Amino acid sequence: MTMHLIFPYASKPVSITQNMCDHNGHMNVLFYSQIFGESMDDFYAGTLGFSGEYFDSGFSSFSLEDNIKYVKECLLSEVVVTRYRLHRVNKKLIHLTAVMLNEKDQLCAIYETILGHIDMNTRKTAPMVGPFFDNLHQIMREHNQLDIDIPLRLQIKEF
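Rules used in this analysis
Residues numbered from 1 in each chain as written. Predicted model: local features only at pLDDT ≥ 70, side-chain atom pairs only at ≥ 80, totals over all residues. Heavy atoms only, no water. Buried < 20%, exposed > 50% of the residue type's maximum accessible area, 1.4 Å probe, protein only. Helix = DSSP H or I, 4+ residues; strand = E, 2+ residues; numbered from the N terminus. Pairing = 2+ DSSP bridges.

Undergrad: Summarise the pairing of strand E6 (residues 107-119); cite the residues concerned and give the values.
TA: When you tally the buried positions in E6, you get 13 out of 13 residues, the bulk of the element. Pairing between strand E3 (residues 59-70) and E6: 11 bridges, direction antiparallel. By the bridge assignment for E6, Ser-61 is matched with His-117. By the bridge criterion, 9 bridges tie strand E5 (residues 93-102) to E6 in an arrangement that is antiparallel. Residue pairing across strands places Ala-98 opposite Tyr-111, the latter belonging to E6. With 2 bridges joining them, E6 and strand E7 (residues 124-125) adopt antiparallel strand pairing. Within E7, the residue paired with Asp-119 across the bridge is Lys-124. Counting the residues in the hairpin turn of E6 and E7 gives 4 residues, including Arg-123, whose phi is positive at 60 degrees.

This is the structure we're talking about:
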């Protein structure tokens, strides 16, 4: 099964530059985190609905746990793309998964994050409700029509 179907949201391509490489001649681990984080912005704000308007309503999300598994090194001048999916959601937590692929569609890294839905007045997790939660739940159902055939390390209960 192709990663393009399993992880349906694709970021813009990123070229690995010299300043991203370390003394081993491959991309430094700091840049994996940076690429996964920055390339998720459109998916996070547009598709998932974490927009400025949503933040203005008094809610946000905090990263509670991240995991990156390095599978294949990324070398200078390679072009990588990250692909995302909403793996699980419950009333307070979101489990996002992603892969980093090179231009040959080879798996370079697997990324997972658990986000807590936060009421900014209390700065604690709070239930997601109404159309916002319904949208996330629908996206999760769509994204989970195909199984991930790679092992994941993080988990949340669906409900």
